[in-house]
Amino acid sequence: MRVLGIETSCDETAASIVALDGGSAPEILSNVVLSQIEEHAAFGGVVPEIAARAHVEALDGIVEAALTDSAVSLDEVDAVAATAGPGLVGGLIVGLMTAKAIAAAANKPLIAINHLEGHALTARLTDGLDFPYLLLLVSGGHTQIVAVRGVGDYQRWATTIDDALGEAFDKTAKMLGLPYPGGPNVEKAAAKGDASRFAFPRPMKGSAQPDFSFSGLKTAVRQAATVIAPLSDQDVADICASFQAAVADALGDRVARALARFRKEFPDKAKPALVVAGGVAANRTIKATLEARCSKAGFAFVAPPQKLCTDNAAMIAWAGIERLRAGMAGENAADFAPRSRWPLDSISAPLVGSGRRGAKA
Ligand code: KG4
Ligand code: ZN
């Protein structure tokens, strides 16, 4: 089985060919990702119109590169899988329409993929993980804990009631005058800082409600920065280190709660696992905290390679393969309209008063 995947939901233009032959491990034959970071850096965040235009300009070449790199021709592909949501609607239209055109011209089926399903199934591509497992998705647009029970069978156990974690990193960086994207720069500054200088709140820690919250922490950072302004480099480093420590602590608490729930709901699962995905999963302090929580609870900690944790098309091609072999490729995908909002778990109702804001909503 060979599937061409296309991803354009945010600020990465990506295409990939993934293959699965018989009982052997899946293979990523090509994985081309063009980041638009430079186009958006001057604005301190993703500008939807710029993103959509950049996708239009780049996508043809990226798809061609993915085919060339893999030495697979369009004829040899079994299906075209494209992200159909959630994400910025301009980019989704570009990717999905291109995929529809390619599929129609090559007479191949088209599979509309939920971007979050791509993240959720990546650990099966990289680590051959069996269902069920727990997923922590921490990116610029999403902060969720999901029980992954099967292809198309996802249960959201926790989500953010305000900002996504990556968004909190990016806003903190902006407040402190650090460049975009904020996450890696906050981590870099934090390495030289004193994490005990500021006692920032640990939002939701110990709460019976399983969800996340980061806007209070962001406000606390702003207040601390205002009080000691103008900020020296050391002040910035100390704030970053203290912020990161608060985030890791709060995240660890939420995850420990979910691990305990997983044990209860899947008592027969011999070697349970927590998988992390999303750009924030690159953060070493956060990773170390999660790893410690997992080892304490007897869970395997699975962190796929970073370039498969952040947005890419290999995960979309792989989700296409998973759906094809499960007989869940969907019918009439050629009629599928892009969906800017598309919850992975349609049963868990959205949180009252919540709603992601910003470019990555
Ligand atoms: O998954 P991703 O590449 O894109 C989507 O949001 O879909 O995630 C990007 C987010 C940004 O908010 C970025 O600041 C954050 O991940 N990030 C980090 C780190 N590297 C990227 N946050 C904390 N520490 C990092 N090292
Ligand atoms: Zn993503």
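Just so you know, these numbers come straight off a predicted model, no measurement behind them.

Colleague: Is there a simple way to explain the packing of helix H5 (residues 165-175) against helix H7 (residues 215-228) in this structure?
Modeller: Two packed helices can be described by the angle between their axes and the distance between those axes. One can describe the packing of H5 onto H7 by two numbers: an axis separation of 10 Å at closest approach and a directional angle of 10°. Judged by the inter-axis angle, H5 sits roughly parallel to H7. Residue-level inspection shows Lys-171, Thr-172 and Met-175 of H5 in contact with H7, the latter providing Lys-218, Val-221 and Arg-222. For the contact of H5 with H7, a count of residues per class yields 2 nonpolar, 1 polar and 3 charged.

Colleague: Sorry if this is basic, but what is going on with the sheet that holds strand S8 (residues 153-159) here?
Modeller: Pairing is mixed across the open sheet formed by 5 strands, whose spatial order is S8-S7-S6-S9-S10. Strands with a single pairing partner mark the edges of an open sheet, and in this sheet they are S8 and strand S10 (300-302). Looking at each pair of strands side by side, their axes are set apart by 25° on average, direction ignored. Inspection of the sheet shows strand S7 (residues 143-150) paired to S8 by 6 bridges, in the antiparallel sense. Opposite Val-148, over in S8, you have Tyr-154 as the bridge partner. Relative to strand S6 (residues 133-138), helix H8 (residues 233-265) is tilted by about 160°, and along the sheet it contacts S6, S7, S8 and strand S9 (273-277). The strands touched by helix H9 (residues 284-297) within the sheet are S6, S9 and S10, with S10 carrying the most contacts at an inclination of about 155°.

Colleague: Even after reading the chapter, I still don't get the coordination of the zinc ion (ligand 2), so can you show me in this structure?
Modeller: Octahedral metal centres with six donors ideally show angles of 90 or 180 degrees, and tetrahedral centres with four donors ideally show 109.5 degrees. The protein atoms donating to the zinc ion (ligand 2) are His-115 (NE2), His-119 (NE2) and Asp-311 (OD), with metal-donor distances spanning 2.1 to 2.2 Å. The exposure class of His-115 is buried, given its relative accessible area of 4%.

Colleague: Looking at this structure, I do not really get the environment of Lys-192. What am I missing?
Modeller: Considering the arrangement of structural elements, one finds Lys-192 in the loop between helix H6 (182-190) and H7. Here Lys-192 falls in the exposed class, since its relative accessible area comes to 65%. Along the primary structure Lys-192 and Ala-241 are separated by 49 residues, whereas in three dimensions their C-alpha atoms are 7.8 Å apart. The residues contacting Lys-192, other than those within four sequence positions of it, are Gln-234 and Ala-237.

Colleague: Looking at this model, I keep getting lost on the pairing of S6. Mind explaining?
Modeller: Consecutive side chains along a regular strand alternate between the two faces of the sheet. The buried fraction of S6 amounts to 6 of the 6 residues, a majority that puts the element mostly inside the structure. Across the two faces of S6 the burial is the same, with Tyr-133, Leu-135 and Leu-137 and Leu-134, Leu-136 and Val-138 all buried. Bridge analysis of S6 against S7 gives 6 bridges, and the strand direction is antiparallel. The residue of S7 that forms the bridge with Leu-135 is Val-146. Counting the residues between successive antiparallel strands, the hairpin from S6 to S7 contains 4 residues. Alignment of S6 against S9, held across 4 bridges, turns out to be parallel. Looking across to S9, one finds that Leu-134 is bridged to Leu-274.

Colleague: Can you help me understand the packing of aromatic side chains in this one?
Modeller: Aromatic rings considered in pairs are described by the distance between their centres and by the relative angle of their planes. All told, the structure shown has 8 aromatic pairs when counted by the stated rule. On the numbers, 5.0 Å between centres and 85° between planes, the contact of Phe-169 with Phe-243 is edge-to-face. Residue Phe-169 is located in helix H5, and its partner Phe-243 is located in helix H8; the two are separated by 74 residues in the primary sequence. Judged on exposure class, the residue Phe-169 and its partner Phe-243 are both buried. Summarising the aromatic geometry, the rings of Phe-262 and Phe-266 are spaced 4.6 Å apart at their centres and angled 40° between planes, so their arrangement reads as tilted. Like Phe-266, Phe-262 is buried. Three or more aromatic residues joined by ring pairs form one cluster here, namely Trp-157, Phe-262, Phe-266 and Phe-299.

What counts as what
- Numbers given for residues are sequential positions, taken from 1 along each chain in its written order.
- Note on labels: chains are lettered from A, ligands numbered from 1, in written order.
- Selection of residues for local features in this predicted model requires a pLDDT of at least 70, selection of side-chain atom pairs for listing and counting requires 80 or more, and totals for whole chains, interfaces and linings are taken over all residues.
- Working from all heavy atoms in the structure, the side-chain values ignore hydrogens and water.
- For helices, the fitted axis covers only the stretch in contact; all axes are lines through C-alpha atoms, and the angles between them, taken along N-to-C directions, range from 0 to 180 degrees.
- Working definition: helices are DSSP H or I runs of at least four residues, strands are E runs of at least two. Numbering for both runs from the N terminus.
- Under this scheme an angle from 65 to 115 degrees is roughly perpendicular, one under 35 degrees roughly parallel, and one over 145 degrees roughly antiparallel; angles in between are oblique.
- Residues count as neighbours in contact if any of their non-hydrogen atoms are within 4.5 Å of one another.
- When residues are grouped by polarity, Ala, Val, Leu, Ile, Met, Phe, Trp, Tyr, Cys and Pro land in nonpolar, Asp, Glu, Lys and Arg in charged, and all others, Gly among them, in polar.
- One requirement defines pairing of two strands: DSSP has to find at least two bridges between them.
- Donor selection uses N, O and S atoms within 2.8 Å of the metal (3.2 Å for Na, K and Ca). Since no water is included, sites may look incomplete.
- Each residue's exposure class comes from its accessible area (1.4 Å probe, protein chains only) as a fraction of the maximum for that residue type: buried when under 20%, exposed when over 50%, partly exposed otherwise.
- Between the rings of Phe, Tyr and Trp (Trp by its six-membered ring), a pair exists once the centres lie within 6.5 Å; its type follows the angle of the planes, with under 30 degrees stacked, over 60 edge-to-face, and the other angles tilted.

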